[in-house]
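If you want the building blocks of each chain, they are given just below.
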Amino acid sequence: MLRAINQKQIEGSMTFRRFAFPSISAALFILAATTFAQTAAKHFTSDAWWAHVQFLADDNLEGRQTGSEGLRKAQAYVVDQFKKAGLEPAGTDGFYQPVKFVSREIVESESSAALISGGKAEPLVLGDDAYFSTRVNLTPDAITAKLVFVGYGLKIPEQNYDDLAGLDLKGKIAVYLQGSTAETPTALSAHYQTTLERWKSLKAAGAIGVIAIPNPASMDVPWSRMSSSRTQVSMDLVGKEFDESEGLKLALIFNPGNAEKLFAGSGHTFAEIAALGKDRKPLPHFPLAVSLKAHATTKTKPVESANLVAKLPGSDPTLKNEYVVLSAHLDHLGIGEPINGDKIYNGAMDNASGSAAVIEIASSWKDQPHPKRSLLFVVVCAEEKGLLGSKYFAAHPTVPEKSIVADVNIDMFLPIVPLKVLKVQGIAESNLGDLAKEAAAAYGVRVQADPQPLRNAFIRSDQYSFIRHGIPAVKLDLGFDPGSPDEAVFKHWLTTRYHAPSDDLSQPVDKAAAATYEEILRQLLSTIADTEARPQWKPDSFFRRFAH
């Protein structure tokens with residue numbers, strides 16, 4: 001039986017190791033790490049990195065929406081930089097791997113939703129009370145259905161945990177609070193909260209729709225910003241193999257500030273539910289007294305975009321046929337609802353910063369000895385639409401699938417404070433976590449596991465697409481000590497700049513932190529590529545099940 005390590009176990013084991021040295025040994029250890037950091041190679045100054053960010057996040061690129069002219073300009077720029085770095089094209093069309101999508105956009109003027117109680121309808125104000133999720137293929141038919149509160153809406157066989165047991169969901173709409181119990185390890189929680197896994201269970205139970213209530217304790221952005229993005233275009237990959245929500249007729253996101261109206265007459269209140277959810281306690285399950293009547297009209301159209309793939313050939317006659325991937329997404333949200341008069345969602349940190357780092361790291365091997373394994377630089381599209389570009393690449397890689405040994409992903413690494421702590425998502429899942437620790441130590445940087453597991457960040461970025469195909473992966477970001485001033489800086493950034501026009505070139509950036517971050521990633525890639533043995537999942541990793 002596989003056992004997933006939870007957050008407290010990880011942090012506890014790290015704390016034990018940190019303080020288990022006798023005082024003299026500790027001093028020697030610190031001295032050795034400091035000396036190592038002083039002598040570690042330096043390849044980056046961050047000036048070129050920032051120049052790339054400035055181009056990619058300029059207003060002229062209009063937020064790099066997937067399929068837009070702005071993203072095409074950004075892609076042409078990246079390809080030009082790859083050529084200058086001496087990389088070889090590794091797509092299906094030169095450096096490009098074309099990807100086809102269908103876009104969906106809600107027509108709110110022709111859509112409506114209302115709660116029905118005692119035969120009376122209470123219309124919901126779209127945007128204020130709730131909004132339709134176009135991440136799924138909403139049915140054009142009007143729907144009237146009963147509602148059932150299903151707690152967190154999860155079925156986790158590994159824990160014998162089932163929020164749906166004993167509930168009559170046939171033909172009904174499942175209402176759930178986003179999150180999981182504290183007893184659920186982070187990996188299990190993250191995996192089973194994906195659309196694919198959650199809907200698989202709800203569909204089997206007979207549900208026809210979902211209403212998701214964001215957990216107020218873990219909302220990245222306020223409702224006003226979530227709601228303002230509701231009319232933005234959503235996308236899906238073309239092809240039945242990528243349909244993760246087949247049969248899901250309706251999906252709403254409900255404002256937790258107005259959620260009491262869902263629970264009226266049920267014998268429960270949302271305040272009660274939210275209080276339990278804040279502490280990740282088990283939630284009750286019960287039929288709601290109100291029903292939902294809804295109709296959604298969407299307009300669709302085909303969209304084409306591409307992933308970018310470039311290769312740095314390995315130097316070893318045998319290992320050069322294996323690949324270490326460095327990935328990042330280039331797309332952002334394009335043009336949207338104005339905030340403070342600005343309608344361009346530039347995405348400077350999310351993720352022009354990551355794409356710029358890929359360019360810089362790739363360029364650092366020009367006229368330098370190559371690692372033993374080949375490096376594959378994959379700059380994907382449509383991450384903001386649900387990891388779609390990486391999902392397509394992982395399903396249809398441009399090199400033999402079994403030749404990819406690891407993925408290191410960069411997404412919104414946030415060089416907005418000095419780099420003292422590196423957050424390694426996936427630190428306990430494979431020996432890539434151990435290699436990341438060593439790479440960070442070479443530059444005098446500590447590492448930590450994700451201190452905010454409720455955000456489910458490990459499944460919300462492109463490394464998860466590789467993981468689902470059995471490829472060990474990590475994502476590295478700047479971290480913080482809980483309770484520190486740096487934590488307040490990150491929280492403020494998420495509240496005010498994440499997925500907002502203010503994620504632009506005017507924000508404060510710590511360029512020295514960005515340069516050190518690039519050094520650490522380059523060191524990590526070199527180590528993975530030069531180590532004879534392939535990276536391996538840890539025996540107790542939940543994600544080991546996906547390995548081929």
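Heads up: the structure comes first, above all this text.
Conventions we followed
Residues numbered from 1 in each chain as written. Predicted model: local features only at pLDDT ≥ 70, side-chain atom pairs only at ≥ 80, totals over all residues. Heavy atoms only, no water. Helix = DSSP H or I, 4+ residues; strand = E, 2+ residues; numbered from the N terminus. Buried < 20%, exposed > 50% of the residue type's maximum accessible area, 1.4 Å probe, protein only. Polar contact = N/O pair within 3.5 Å; in protein donor to acceptor, adjacent residues only side chain to side chain. Contact = heavy atoms within 4.5 Å. Salt bridge = Lys/Arg side-chain N within 4 Å of Asp/Glu carboxyl O. Axes fitted to C-alpha atoms, helices over the stretch in contact; angles between N-to-C directions. Parallel < 35°, antiparallel > 145°, perpendicular 65-115°, else oblique. Nonpolar A, V, L, I, M, F, W, Y, C, P; charged D, E, K, R; others polar.

Once that is clear, we can look at the side chain of Thr134. With respect to the helices and strands, the residue Thr134 is situated in the loop between β5 (130–132) and β6 (143–149). Overall, the relative accessible area of 3% leaves Thr134 in the buried class. A polar atom in the side chain of Thr134 sits 2.6 Å from the side chain of Ser234. For Thr134, the residues in contact, after removing those within four places along its chain, are Arg104, Glu105, Ile106, Gln232, Ser234 and Thr298.

Okay, the pattern of salt bridges next. Counting across every chain of the model gives 20 salt bridges. As a salt-bridge pair, Arg545 and Glu158 come within 2.4 Å of each other at their nearest N and O atoms. One end of the pair, Arg545, is in the segment after α15 (511–530); the other, Glu158, is in the loop between β7 (155–156) and β8 (161–162), with 387 residues separating them in the sequence. With a closest N to O distance of 2.9 Å, Asp481 and Arg446 form a salt bridge. Placement of Asp481 in the loop between β22 (473–478) and α14 (485–496) and of Arg446 in strand β21 (residues 446–448) is noted, with a sequence separation of 35 residues between them. Taking relative accessible area as the criterion, Asp481 reaches 34% and is therefore assigned partly exposed. Among the ionic contacts, a cluster of salt bridges with common partners joins Glu122, Asp129 and Lys261.

Packing of helix α3 (residues 47–56) against helix α4 (residues 69–84) brings their axes to within 10 Å, and their N-to-C directions diverge by 155 degrees. Between α3 and α4, the angle is such that the two are roughly antiparallel. On the side of α3, the interface is formed by Ala51, His52, Phe55 and Leu56, while α4 contributes Lys73, Ala74, Tyr77, Val78 and Gln81. Residues that form the contact of α3 with α4 fall into these classes: six nonpolar, two polar and one charged.

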